[in-house]
Structures are given as C-alpha cells and as structure tokens.
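Residue-level listing of the chains:
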Protein chains: 2
Amino acid sequence: MTISNLLFNTPPPSLVPQQTHTRLSKRFPTCQLKSTTTSLTTPTHLSKDYKLSWLPELKTASGSESSGEIIQQDELFQDLVDRRGVDNVRMLIVDSVNHAKAGHPGMALGMAEVGYVLYRHAMRYNPRNPKWFNRDRFVLSAGHGCLLQYVCMHLAGFESVQIEDLKHLCKLGSRTPGHPENVVTAGVEVTTGPLGQGVANAVGLALAEAHLAARFNKPDAVIIDHRTFCIMGDGCAMEGISNEAASLAGHWKLNKLILIYDDNHNTIDGDTSLSFSEDITARFSALGWNTITVDNIHDDMGSFKGALSSAFNETERPTFIKVKTIIGKLSEKEGKSKAHHGTFSDDDVKQMRARVKWEDREPFHVVPTVYKEMEIQAECGANLEKDWNTTLRYFQRKYPKDAEEFKILLNGGLPLGWDNSLPRWSKSDPVDATRGYSEKCLNRLAEVIPGLIGGSADLASSNKVHLHDFDDFHQPNSPWGCNVRYGVREHAMAGISNGIALHGSGLIPFAATFLTFSDYMKNAIRLSALSHAGVIYILTHDSIGLGEDGPTHQPVEHLAGLRAVPRLLVFRPADGNETAGAYMVAVGNRNTPSVIALSRQKVAAHIEGTSVEGVMKGGYIVSDNSGDSLPEIILIGTGSELCLCEGSAEQLRSEGRRVRVVSLVCWQLFDAQPCEYKEHVLPRSVRKRVSVEAGSPLGWREYVGEDGVVHGVRDFGASGAYLDTFRKFGFTEENITRIAKSLLEK
Amino acid sequence: MTISNLLFNTPPPSLVPQQTHTRLSKRFPTCQLKSTTTSLTTPTHLSKDYKLSWLPELKTASGSESSGEIIQQDELFQDLVDRRGVDNVRMLIVDSVNHAKAGHPGMALGMAEVGYVLYRHAMRYNPRNPKWFNRDRFVLSAGHGCLLQYVCMHLAGFESVQIEDLKHLCKLGSRTPGHPENVVTAGVEVTTGPLGQGVANAVGLALAEAHLAARFNKPDAVIIDHRTFCIMGDGCAMEGISNEAASLAGHWKLNKLILIYDDNHNTIDGDTSLSFSEDITARFSALGWNTITVDNIHDDMGSFKGALSSAFNETERPTFIKVKTIIGKLSEKEGKSKAHHGTFSDDDVKQMRARVKWEDREPFHVVPTVYKEMEIQAECGANLEKDWNTTLRYFQRKYPKDAEEFKILLNGGLPLGWDNSLPRWSKSDPVDATRGYSEKCLNRLAEVIPGLIGGSADLASSNKVHLHDFDDFHQPNSPWGCNVRYGVREHAMAGISNGIALHGSGLIPFAATFLTFSDYMKNAIRLSALSHAGVIYILTHDSIGLGEDGPTHQPVEHLAGLRAVPRLLVFRPADGNETAGAYMVAVGNRNTPSVIALSRQKVAAHIEGTSVEGVMKGGYIVSDNSGDSLPEIILIGTGSELCLCEGSAEQLRSEGRRVRVVSLVCWQLFDAQPCEYKEHVLPRSVRKRVSVEAGSPLGWREYVGEDGVVHGVRDFGASGAYLDTFRKFGFTEENITRIAKSLLEK
C-alpha cells in the first residue's frame, strides 16, 4: 500500500448537505436535511488548488509501473526527509529541556513522529494566521508534553514560538509556559494540563464544527470543514472525563474527530501495569469509535500516516488511533517512567547527538531542509485560507442572509441590540423560581443570538434550560440542533463547553446542572476562567432550599468555592429582573465565564428596587427608608434570601427603624466598583450589618465588617420540605428580624 | 437449569491462602503467598451451619427424578412467595411516595425484584446487628432509589426502618431521608445520591475485604469473607467516576464485587437514547469484568438468581450484571421517564392495587408471609454471625498475635500510643518540603498503625506517600499490600477511600494528589465529610510555589473552597512539626476527613515556636517580642508563607517594632476554640494585622479584621521558577515588610 498516496489524496469528508437550500435565519433549517450522509466529493470552491496545495505534488494518476516507481522513490525520499525532521524535533526538545532545566521531555520524545507528521502532513493551518477560521484544530490533552507542540509550532513557522521562546521554556512571562495556554501562545487552541480535559475540549471543538457545518455549508460553498486532532496519554485515558467525552463523541458520531493515544506504557509512578490493565481499544470500540492500532511508529512512520488516512475516510465514527511509542525515545531513559520529566546528562546528550548524527551542531540547530519542508505545509495552509476567502466571498454573494448570520458569529456572536430581548418582570407577574425566570431569559436570547448552544447533564427539565422550538444536537440526525443532551456527565459537559467556546466561532455555550454538582466539573470551570472561555454555567437548586433530596443535593460550600476562582463571575439573582441582569453580563462578556446560581423554590417576579442596572454593579441598594440619614442597619442578601431581608426590613421599619436592604448579587462585580460607590452602598460607619445567604459564611465578613453578623449555613443541609429546612437553619423573616434586633440593641 | 439450586448451594469463593501460616505483625505476610488462587471450599468453621442457614433447606443431594420434582415444586412455591414479596415491595413504595408527596419511585418500582432477591436470598446480613463485621455490603449507587432500600430493609427487619419511618419519607429529622445516609439510617453502608459515587464506594468496600482477608484469614479460620453488592443506574454508568472505579476493580480482580446495572433505558430527560448509545457490556468486558445480561426479570426472577449464582462462582473478575427493567413498573407511568420521580394519581393507585390483588388492604400493608420469608434470611444472618463469633474465638485462641492486631482494627485502628511514633524536628535538621516531612510522618505511622492504607493518583513520588517496605495492593498478587496505585483517577480514588473508611474495619485510608486536582474529587471529599469517613487527603504542591508547571497546576482558590466544606479539617502546616501535628489530628479523628496541604518547595524543618500542640488548636502564637504589651502588628501566615512572616517580623523587630507572628494552620480548629483563646491569639484591639497566604484571599477578613491587609493571590498563577513566581505575586520578606510598614504608618 502506498500509504502517503492514500493519505494525501483523500479529500477530507465534509458534511455537505445533499440538498441545495437551507434557511438558517431561525437557527435551524426549515427545509431539514433528511439525507445526511456525508459527501466525499471535494467542495467545489476548494477542489482545484486544494489538491495541489494540500501536499507536495505526487504523481499518482496512472497505474503504470513507472509512475509506481516514482511514487516509491518519492516516498522513500519523503520518508528520509521526514526522519530528519523527526530527529530535529527530538534534538530541539532535548536542547530546550536542558537549557530550561525544566519540562517534560518523555512524552515529547516518544511522540516526535506523531507531532511531526501532524504538523508536516496531516493538519491544515496557516501559521501566518493562527486564527484562520477553517483551520484544523489541535489539542494536546497530555499538556505536559507541550514541548512537542512548541517545537513543531516553531518548525511550522508560528511567529509565537521562536528559538528564543524555546530557550525560555517555563520561564516567567515566556510564551512557552509549562503547559500549553491558549491565552499565552498564539496557535495553541485550548489550555491543557489537568489530564483528560483536552479530550473533552476536542469533542467540543468537533461538535462546534459539525454544528456550524450543518447550519451554513452549501453544496456549492463549503465554509466550515475541518478536522479536530487530539493527543492523549495514559493519564487522559484513565481520567473519567475522557470516557464521558468519548462516549458522547461516539453517540454524536463526530467522525472528523481523531484521538491519538500515546500508548507508551508509562506513567509517573511507573509502568502502566501498576494500575491500568483494561483493553482500551475495546473500550473505545464499545463507545462507538473507529479504532486503529499503530504498532511501530518509530520504525515505520507510514503506518501512522495510513492510520490517519483511514481516519480521514471514516464517515460515521470518531477515530481512536492507539500509537505504541517509547517514552524518552532516543535518550538513555528510553522506555522508563523517569523519562517523564527532568533533564538529560551531558553524556546522554552526547550519545543522542551521535545517534542522529548531530555531533557538530550548535544547540537549537534546525536543518534548513526541515524549515523548508514545513514551509510547504505553511504554504498549503496559506493557499487554503485564500481559497476559503474566495469561497466566503462567493457565499456572501449567493447566500447573503446566511452570510449575515455567519458574520455575526465571526464577530463574536452578539447581534446589535441582543440585550433588548431580555424580558423584564413587574410586581404583578406570577411568582416563579429564578430557574423559571432563567428559562424565559434563555429562550428569548435564543431567538436573537445565533450562537447560543448548550444543555444540561440530564436535568434539562429541572434546570429549565431547554430551548423550545429548537432541535437536539446529534449528527447525522440534527447536527444543526442547539439543545445538547449531555447525559449525566457534568465534567465532560463543562470540558466540551470550553471547546465550543474556544472554537472561536461566536458560539455561546451554556452548561447546566444542580449547583451541588458543580463539584463534578470544578476543574473544567476553573479552566474556563483561565482560558477565557465565556461559558455560562446555569446552576439551579442553589441552596438547602432544594428541600427533600437532602444534603447530598443541597449545596452549602459551593458559592464560596466558586467565588474564590479568579476571573469567574458568580451571580445569585433574587428575582426575574436580577436574573435578566445576570444574563446581560454573562452573555455580554465573551471572554469571562459566569455562574448563574438559581433557586428551585419560587420567589417574587420583581422585588421593588431590584434592577438589571444594579446587577451590573454587582451590589446595590434595593430599599432604604433612611431618607437623608444613614441607616441604622443594613441587611445584605442574595438570591432567594433577598426577599427574606425585605420582609424583615419591612417589619423593622414598621417599628421605626431605619433599614437598608442591599443585594450583593455578584461579589466580583461589586469588588470592581470604585471605592466611593462601595462606600455609598455599604458605608463603613454603619457598623450593624447582617448578611443573609443560605450557604457557607466564608467570605461574607468582607461585607458585614467586624461588628456585623454573617447568617449562613455552617453545616450540611437536611432532607425535608423546603420551608422546614429553611426554618431549621434559621432562614425565616422572623429569625432575621430577631438577629437584626439583637444587633440593633447591642 | 435449576437456578435457585445453583444459587443457593454455591458457597462464596473465599480468599483462603493455600499455605498454613502467615505472619501479620508487620502488616504483610513474611511467608508470602506465592500461590494465591482462591479456594472454593467452604471455610471450615462456617461450613456446616452455613449451608443450612444460608437458605431454606433444599433437597438437592441425590440426582434422582423424584428429588428433582421436589426441587421444582419448591421452586414453584418459592417463586410464588417471592412474587408476593415483590408485589409488597412495590405497594409499599407507592404508599410511601404518595404519603410523603415526594421521592423517586421509578427506579424503585423497576428494581423491586432485584431488591427483594438481594435481601431475601442473596445477601448475608443480620438485621438485628447491622454492624456485624462479616456482613455483605450493599451500596445503592443510584441513591435516588432509596425507597427500594428502605422498603427492603423494613421487610428484612432492620429496626431503623419501621412503617412509621416509611410514612416520614423525606421529612425533616426522619430516618428515611431523600437519599440514603449512613449516618442517619443504621444498615445503610454509605451515603449516596451524587451519581457514580456509590460504584467507587463499593470498589473501596470490596478492596477492604480482599485486603483484610489476605492479611487475616487462615485455612482453618476464615474471619473476613463477604461480598459487596452495588446497584447502579444509567446515570452512574455515564459518570466518569464509575468508569475509573470499574477500571480499577477489573485491574485489582475484585471478584467478590457484584455490580447490578439497572438498565431501564430512562433518565430524567427522557429515553437514554438521547445521550447514551454505547455498548456498556462491552465496555465492562474491556475493563476486565465478568458480564451477564438478565433480559426479563419482571417475568423470570430466576434469571437474575442465575446471574447472581454465576457471579458467586467467579474467581477472577468482578461481575457486572445488566438487568433490563421497566421504570415505574406496575404504574401507568411504566416505561416513561416521568416515572423517575413524583406521586401517583388515585386512579393509578387503584389500578396498581387491582393488578396485584391488593384492593382491600390498608396503605402500608405487609403480607405476614412476606415478613416470615424475610425472617428466614434474618435468622440465617443471625446464625452466620453466631458462627462467625465462634470462628473468631477459635481464631483468637489459635492466632493470638493476629487476633490482637485484628482487635485493634475492630476498635477503630489506633493502637495505644500510636501518636508517639510521629517524628519531631529541630532547627538543625536539614530543610525539606512539607511533603518531605509528611513522607516521614506517614511512614512512621505505617509502622504502628495496622490499618493505614492508601496511595496517590499516579503522583506517589511527587506527593511522597509511598509506604516503604510495604507491597502494592493487588489481587491476587499481593492483596495484603497497602500501597494503592490508583492511576490517574482522582475521583475514583476519593470515592474508593470513602468505601475503605466506611467498611468499618479500622482501615485508615489516605489519598494523595496535587492540591489543584482536589477539583477532580471535590464531590467525593464532600461526601467524606457528610458520611463521617475519616479519609486523609494529602494534597501537595499547594500553591503557586509549585513553579514551572504553571497556572493549570497551581492551586489558588482551592484552600478557600475546601475550608468552606462543613466538617472537613484543612491543614496547611509550615514545617516538620506542624506537619506532624496535622497528622496527629487527622489520624486521631476517625469520623472526620482531613486535608493536609503540603508544599513542593523546601521550608525550614522547624520554625522556632511552632508545635504539635499549637496545631491542635488550629491557630497559635509562634513568636512575639511584645513582652507584657500588646504587639503593634500581627503577621498571620500558613504553610510555606509562615517563614516569610517570621523573616519579615525579624526585620521589623530589628527596627524596634513589637511584632507577633501567628500560625493559622487549621481554621476550623481555631474557630472551635473558646473566645478567650481566640482573643488571646488575635486581640481585637490590635487592629494592624496582615495575613500572608499564597492563595485566594477569600475568608481571611475574618482573622485580619477591617483594618488589616489580606495578602493573597487574586489571579491565576504563572509558569516560572518558584522564586520568580513568588516574587511576581509579592511573596517575599521584603514585600511583606513593606506591607506591614505601610500599615504601621497609617
């Protein structure tokens, strides 16, 4: 089999609908695509140059002996060149680690062939424009192997990774941090390191592609058509999140997702046999994946190219390629778990250099041919981008309405005036839970925001996040659908949402479950914040007010824990209008994730004094009868407890007290206000303050001051009717009034 | 096949070593068991009565036609009785839900046969003594189906679930909360509800059994020999934690673990086909499990008994039994996802009653025969316990040394004077990271505490938790080993640790990873606290001081998040002695989990003024030059920042300032001290206080007061050498001195 021939002449399968027309203004085709088999014909506007530029030209047309010889000669030559490229990748890895005296070379050395083949032959990208929309996405889920990515990116011509950057590996402020960070290094798609996360991110990226392709592509104009590649190691394979994500990828039939498993049989603690004896290929088969094993990549790179080729031809299933590698390949630590991290001895370096005939070269040397080889791929990418721009112009002319919507997405996803769609509530509106108000907000937003997509971890009806009149996402049945059914897989849901957000295509992902189960996805939420993924977490049943399900389902510490995450906005709205305000900020901030914590139980549609504008400041005065004086006492509440504060304030006022009620709906926003504003809302001289929140008291002292009372939940909740539970923990108007009075009388 | 015959005459496979002698005083056999095939012969001291009491006597000895007839008649009769029992289970479920107007009847109704067969025929337990040591363990991972467990427990004769309790389902203070809680209802082994956790707990319970069996059982005296049963639903199956745990169970060959999967094809959001199309049986096969499918339990309970029988015979692998059931069986919501939770209409109840000929019976009726049937199993259990006590007495006489160790375990695991083993450090000892001091503590403890068992999620060498001179746990190779190799599976590690702790056999589990990856196991940590599982979480690399690996690996918000968890002790020791102090409290409190946060970087072995006794109070004065006066300023530090405080204090003192340094090593313990003590350490009148901790500032205001300065990390960390990173975020003596001075000059 002429492997490279197969590899390079197989156009990527594209999700091109067989029908000619789709109407997208309502975010789903009205003329729905009944037949959704993928077309293997090259998209019209990409076909000509595509074949030429995708690769070095190979003479494969005729079946004659002579051309066969040419192919073989070409292949032989290409193989030699590739081997030199791989050598160069390895030597740069060794030099970088030894220069930095830090880093994880083991996986990088073992996967040098994989990295080189991906960047040199398989992936479509333009290093001059790392953000080119239709590029293939690459995720290094085994993020500790970042050197592999940095070195390949350098050779491939990414401006963001110069030799100088390799020399500054793991140095403060460098563009080559210890794990890949998308916000630091242009060309890195997502931030990885915590194992397994990247697999979920990759599923999210592939979902985004499949979804947008179904919505926008035309038979004569394919504008979304790329693959997603992901490298994972043994650690990623063991983490539960990767199984969750892989199960979904199989279910959704994300055939353009290629997961490459670095089977190096080593983890930090030793041989994988210590803790890992499952048949992982069989597991991925069971999850609905196409599975391929590459046994001997170090001697036969062609076998990996062949595997990729087979993956490219797969039209139904995502592909799992198990590549057997030797950790620390080339070094004396070859095959040993201690190769995982750490530097190389001078002697070892010398021997490595001898093995690849590198003796006289300076550290950080790059063979000019290797740069040139990589330049071929870069040029292909540049040409592909040009082609894509041509197609896009054609698309704009022929499908102006679709193009308009696509443009909104490319510009971040927020059409002018989107925020006007958010509903407002008045006092006379029927009461509901804040999750109910959220449902209305979300559905109104879905009508005007073309990129809103998301779902729940099997609690859509409880979280109230179903987008009515929209389909479920599923390929091939309804890839245009924007209700994502995650099943009971919170962690993958969050990781996938990060992938969707970081696809950079104006999709706005939301992810929902009970607040208490934010635990299951905590690390992915953290990564949303770290990687600037503006995911909206809709977390309902936000306190002991959940009631009967009991303490396992009643969050206590969760608001505190989430508030401590840097760059994460945590909202706990009190009524309909505050809920709308939370959405206003959450949706409007596309680089910052938000948590919106919502009640299960009913609260007023509108508490007199609450406002969207107030929410935007994080904290504000809801009511005050002090007139020109200062209040005697301030009651500070959030969420479902704000109305308790109001009720208690009413009582106190009726007894002649000057009482202010403050809503502290989002601490992070309030903290960011000017000092004058904060002093205005919570004057330092008003010493008597009570905070009321049915959650951990942690952090509240900041707002109530030394003399105030933090009224929170200091233990786990309890199973019982919600009012009984609230009563047990002292969340009644009477008890708050009692606390306030005893403070006033001090 | 005469199924019940097979089922009931198969003695459980026991891990009986083939050799006659083991010596356990060093916690592992010196005469190690080379051949570790499990013996299928019934343990000598249990054999006689065991067969008789295990079941209603069945005449199965001869192979003659006539006795075959007897069996069939008996079976037919038994089947009829069992059906009535199942009807009764269902009617009690219906009555309870409708009486409580709350609960999740869908799964309970669908799994009525499973519950009934387990409690009536399969499980060995003594309802009069739910804590009988050698009982089979049962875990309802699908905890929302708790009514099934409550009803079966009631019928089985557990004192903890009376009819009155069923009538108080989900009521505040009842013994029948909305999800099973081991601390509320005697006979419930673990607290479940958050999906997937129970599967990991069950693996922990099975691990504990295998481990202790290998250590203590003798060919002539088997004192540890039970099975672990676990029911999981679709949700549990989808959660990553269950895959992690199942992978480990397969790897460890926990053949006495039986996982029953309720395949009812429904989740809250609808048919499982919405999000779950994998071949779960193939997945479990890939994970190394024995897999069995029961297709039609509602019409043929025998098929389930047969599956159990086959599981009981399995000597190598854990068993996965997929039982196809109909959710909400019997009701009009049969087969529909809306059966998951909610009450039944009067009409529906009427029809259900008619279907099972229950028309004239009062609500909560129990057929006397059903009680009687269950009493047979209870008697069996009581007899088994008697037998076990006889065996134990024999064991004590014949193996007094082993028995002594076993007794320590049964008494909670802490031999007298265990705490004296903890090392102490002096100023002249070589510096190390607190993770290094921890390693010494842990290994000294391992010498004297017979139940210490645990490991790391593939970071044993980094976390420094390897117990030297002890084997790795693995069945059948070395089930006596107490180093548990969890692989990169933090969540399962924590869930399994909960199972080990709640096995109630004096095992003291520890679980280690980087502090930042506590995220991955947050919910299981929470459940440790809620269910009184005294797991010790050893979380190293506890700040931005981790350095090069960068922000994905540098915890920031984690201490705050964990401190907010009720009933969880969070320690951040500053040197060797504080580390020893942390272990003193953590090990000593067997019903309270602890987190010990440890540094990657080196700190002093002993800071003058720190002490184990200080740690036990949570916060204390480390140094103070104020004499009889009050200090001008208090610097409060934890962990690796305490020495920065000391350094800064030295500087300030040299400039004539009165400075106190306080270590606030465990907030929860400090908060629990009397007011006088707290006032003594942090006098309210000393307004100038600076807290120094390289983590989120959240919560610190409580200790520094309104006028103090909270010096923390307000953003994500950064990749860089640790000192550079510390400098970037202002964690240097100079900067702390600067902050202190500007405060002093205010």
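Here the structure is a predicted model, which means the values were calculated and not measured.

Novice: Go over the state of the cysteines with me, naming the residues and quoting the values.
Specialist: All names here are of chain B. Enumeration over the complete set of coordinates arrives at zero disulfides over all chains. In this model Cys152 remains outside any disulfide bridge; the closest cysteine sulfur is found in Cys146, 12 Å from its own. Residue class for Cys152 comes out buried when judged on its relative accessible area of 0%. No disulfide involves Cys170; its nearest neighbouring cysteine sulfur is the one of Cys146, lying 6.2 Å away.

Novice: I'd like a description of the sheet that holds strand β3 (residues 257–263) of chain B, backed by residues and values.
Specialist: All names here are of chain B. Taken in spatial order, the five strands of this open sheet run β1-β2-β3-β7-β6, and their pairing is parallel. This sheet does not close on itself; its edge strands, each paired only once, are β1 (137–140) and β6 (290–294). Across the sheet, the mean angle from the axis of one strand to that of its neighbour is 15°, orientation sign disregarded. Here five bridges tie strand β2 (residues 228–232) to β3, and the two strands are oriented parallel to one another. Following the sheet pairing, Cys230 is matched in β3 by Leu259. Relative to the sheet, helix α12 (residues 301–313) contacts β2, β3, β6 and β7 (319–324), its axis offset from that of β6 by approximately 170°.

Novice: I'd like a description of the relation of the copies chain A and chain B, backed by residues and values.
Specialist: At an RMSD of 0.0 Å, chain A and chain B line up after a rotation of 180° and a shift of 0.0 Å along the axis. Such a turn and shift between the copies fits a two-fold axis. Both copies contact each other with a shared surface, as 100% of the interface residues of chain A are interface residues in chain B too.

Novice: Please set out the packing of aromatic side chains residue by residue, giving values where relevant.
Specialist: Inspection of every chain in the model, using the stated rule, returns 48 aromatic pairs over all chains. With a centroid separation of 5.6 Å and 65° between ring planes, the pair formed by Tyr119(A) and Tyr125(A) is classed as edge-to-face. For Tyr119(A), a relative accessible area of 3% puts it in the buried group. For the ring pair Tyr261(B) and Phe320(B), a centre distance of 5.8 Å and an interplane angle of 25° mean the geometry is stacked. Highlighted residues: Tyr261(B) in strand β3 and Phe320(B) in strand β7, separated in sequence by 59 residues. Each of the two residues, Tyr261(B) as well as Phe320(B), counts as buried. Through a chain of ring-to-ring contacts, the aromatic side chains of Phe133(A), Phe216(A), Trp388(A), Phe395(A), Tyr399(A) and Phe406(A) assemble into a single cluster. Lying across the ring of Phe133(A), Arg137(A) places its NZ or CZ 6.0 Å from the centre.

Novice: Can you break down the side chain of Asn255(A) residue by residue, with the values?
Specialist: Residue placement: Asn255(A) occurs in the loop between α10 (240–252) and β3 (257–263). One polar contact links Asn255(A) to Gln475(A), side chain to side chain, over a distance of 3.4 Å.

Novice: Quick rundown of helix α5 (residues 112–122) of chain B? Include the residues and the values.
Specialist: Most of α5(B) sits out of view: eleven of its eleven residues are buried. Every buried residue of α5(B) is accounted for by Ala112(B), Glu113(B), Val114(B), Gly115(B), Tyr116(B), Val117(B), Leu118(B), Tyr119(B), Arg120(B), His121(B) and Ala122(B).

Novice: Which residues make up the pairing of β7(B), and what are the values?
Specialist: Residue and element names in this part refer to chain B. The element β7 is extensively covered by neighbouring structure, given that five of its six residues are classed as buried. Bridge count between β3 and β7: six bridges; the pairing is parallel. Residue pairing in the sheet places Ile260 in a bridge with Ile321 of β7. Assessed by its sense of winding, the connection that carries the chain from β6 through α12 to β7 is right-handed.

Novice: I'd love a proper account of the UniProt feature "binding site: substrate" (unreviewed entry) in chain A, names of residues and values included.
Specialist: This chain's UniProt record puts "binding site: substrate" (unreviewed entry) on His104(A), His340(A), Arg435(A), Ser462(A), His541(A), Asp549(A), His553(A) and Arg600(A). Judged by maximum C-alpha separation, these annotated positions cover 497 residues in sequence and are scattered in space, the widest gap reaching 47.6 Å. Following the sequence through the fold, His104(A) ends up in the loop between α3 (65–100) and α4 (105–110). Excluding anything up to four places from it in sequence, His104(A) contacts His144(A), Gly145(A), His340(A), His341(A) and Asp549(B). Tracing the sequence through the fold places Ser462(A) in helix α17 (residues 460–463). Sequence-distant contacts of Ser462(A), defined by excluding residues within four places in its chain, comprise Arg435(A), Phe514(A), Thr540(A) and His541(A).

Novice: Describe the sheet that holds strand β19 (residues 689–692) of chain B, with residues and values.
Specialist: Residues and elements named next belong to chain B. Strand order across the open sheet formed by five strands is β16-β18-β17-β19-β20, with mixed pairing between neighbours. A single partner strand is all that each edge strand has here, and the edge strands are β16 (620–624) and β20 (709–711). On average, adjacent strands in this sheet sit at an angle of 20° to one another, irrespective of strand direction. Pairing analysis gives five bridges linking strand β17 (residues 633–637) to strand β18 (residues 659–663), with the strands arranged parallel. Each residue of the ladder has a partner; that of Ile636, found in β18, is Val662. Where helix α23 (residues 642–654) meets the sheet, it contacts β16, β17, β18 and β19, and its direction lies at approximately 175° from that of β18.

Novice: Got a sec to walk through the UniProt feature "binding site: thiamine diphosphate" (unreviewed entry) in chain A? Specific residues and values, please.
Specialist: All names here are of chain A. In the numbering used here, UniProt assigns the "binding site: thiamine diphosphate" (unreviewed entry) feature to His144, Gly193, Pro194, Leu195, Gly235, Asn264, His340 and Phe517. Judged by maximum C-alpha separation, these annotated positions cover 374 residues in sequence and are scattered in space, the widest gap reaching 34.0 Å. Following the sequence through the fold, Gly193 ends up in the loop between α7 (163–167) and α8 (197–216). Note on Gly193: relative accessible area 3%, which makes it buried.

Novice: An account of the interface of chain A and chain B is requested, with residue identities and associated values reported.
Specialist: On the chain B side, the residues contacting the 98 residues of chain A number 99 residues. Surface buried jointly by chain A and chain B totals about 8100 Å² across both partners, of which 53% is contributed by carbon and sulfur atoms. Counting the contacts that link chain A with chain B gives 18 salt bridges. We note a salt bridge from Asp707(A) to Arg684(B), for which the minimum N-O separation is 2.6 Å. Scanning the region where chain A abuts chain B turns up 58 residue pairs in polar contact (both at pLDDT 80 or more). Its residues placed into classes, the side of chain A that touches chain B shows 35 nonpolar, 33 polar and 30 charged.

Novice: For helix α12 (residues 301–313) of chain A, give the residues involved together with the corresponding values.
Specialist: All names here are of chain A. Given a rise of 1.5 Å per residue, 13 residues ought to cover 18 Å, and the 19 Å separating the end C-alpha atoms of α12 matches this to within 8%. What α12 keeps buried is the set Met301, Gly302, Phe304, Lys305, Gly306, Ala307, Leu308, Ser309, Ala311 and Phe312. Regarding α12, its N-cap is Asp300, as a side-chain oxygen of that residue lies 3.1 Å from the backbone nitrogen of Gly302 further along.

Novice: Describe the packing of helix α23 (residues 642–654) of chain A against helix α28 (residues 733–744) of chain A, listing the residues and the values that go with them.
Specialist: Residues and elements named next belong to chain A. Interaxial distance between α23 and α28 falls to 9 Å at its minimum, and their mutual angle equals 55°. Our classification of the angle between α23 and α28 gives oblique. Two packed elements cross with a definite hand, and for α23 against α28 that hand is right-handed. Counted together, Cys643, Leu644, Gly647, Ser648, Gln651 and Leu652 of α23 and Glu733, Ile736, Thr737, Ala740, Lys741 and Leu744 of α28 form the full contact between these two elements. Along the lines of polarity and charge, the residues of the contact of α23 with α28 split into six nonpolar, four polar and two charged.

Novice: Can you break down the pattern of salt bridges residue by residue, with the values?
Specialist: Throughout the structure, instances matching the rule amount to 87 salt bridges over all chains. In this structure, the salt-bridge partner of Lys741(B) is Glu655(B), at a minimum N-O distance of 3.0 Å. Of this pair, Lys741(B) sits in helix α28 (residues 733–744) while Glu655(B) sits in the loop between α23 and β18; the two residues are 86 residues apart in sequence, bridging distant segments of the chain. Here the salt bridges do not stand alone but share partners, grouping Arg684(A), Arg687(A), Glu706(A), Asp707(A), Arg684(B), Arg687(B), Glu706(B) and Asp707(B) into one network.

Novice: So what's going on with the environment of Glu439(A)? Which residues, and what values?
Specialist: Residue and element names in this part refer to chain A. With respect to the secondary-structure elements, Glu439 resides in helix α16 (residues 434–448). The sequence separation of Glu439 and Leu467 amounts to 28 residues, and the corresponding C-alpha distance is 8.2 Å. When residues no more than four places from it in sequence are discounted, the contact partners of Glu439 are Lys464 and His468.

Novice: Before we move on, can you summarise the environment of Ile408(A) with the specific residues and values?
Specialist: All names here are of chain A. With respect to the helices and strands, Ile408 occurs in helix α15 (residues 400–410). A relative accessible area of 25% means that Ile408 is categorised as partly exposed. In sequence terms Ile408 and His466 are 58 residues apart; their C-alpha atoms lie 23 Å from each other. With sequence-adjacent residues up to four places away left out, Ile408 is seen in contact with Gly413, Leu414, Pro415 and Pro450.

Novice: I'd like a rundown of the environment of Glu209(A), residues and numbers included.
Specialist: Position of Glu209(A) among the secondary structure elements: in helix α8. Remark: the alpha-carbon pair of Glu209(A) and Phe364(A), spanning 155 residues in sequence, is separated by 37 Å.

Novice: Go over unusual backbone geometry, please, and point to the residues and values.
Specialist: Note the cis peptide between Gln475(A) and Pro476(A), where omega equals 5°. Phi is positive for Phe364(A), which is not a glycine, with a value near 65°. Of note, Phe364(A) is situated in the loop between α13 (346–355) and α14 (368–398). Phi at Arg567(B) is positive, roughly 60°, even though this residue is not glycine. Tracing the sequence through the fold places Arg567(B) in the loop between α20 (558–563) and β13 (569–571). For Arg567(B), a relative accessible area of 40% corresponds to the partly exposed category.

Conventions and cut-offs
- Residues numbered from 1 in each chain as written.
- Chains lettered and ligands numbered in written order.
- Predicted model: local features only at pLDDT ≥ 70, side-chain atom pairs only at ≥ 80, totals over all residues.
- Heavy atoms only, no water.
- Disulfide = S-S within 2.5 Å.
- Buried < 20%, exposed > 50% of the residue type's maximum accessible area, 1.4 Å probe, protein only.
- Pairing = 2+ DSSP bridges.
- Helix = DSSP H or I, 4+ residues; strand = E, 2+ residues; numbered from the N terminus.
- Axes fitted to C-alpha atoms, helices over the stretch in contact; angles between N-to-C directions.
- Contact = heavy atoms within 4.5 Å.
- Least-squares fit on C-alpha atoms with pLDDT ≥ 70 in both.
- Phe/Tyr/Trp six-rings, centres within 6.5 Å; stacked < 30°, edge-to-face > 60°.
- Lys NZ or Arg CZ within 6 Å of the ring centre and 35° of its normal.
- Polar contact = N/O pair within 3.5 Å; in protein donor to acceptor, adjacent residues only side chain to side chain.
- Right-handed = clockwise from strand over helix to strand, strands pointing away.
- UniProt positions renumbered as here; feature names shortened; annotations may be inferred.
- Buried area = accessible area lost by both parts, 1.4 Å probe.
- Salt bridge = Lys/Arg side-chain N within 4 Å of Asp/Glu carboxyl O.
- Nonpolar A, V, L, I, M, F, W, Y, C, P; charged D, E, K, R; others polar.
- Expected span 1.5 Å × (residues − 1).
- Parallel < 35°, antiparallel > 145°, perpendicular 65-115°, else oblique.
- Left-handed = near helix turned anticlockwise from the far one by under 90°.

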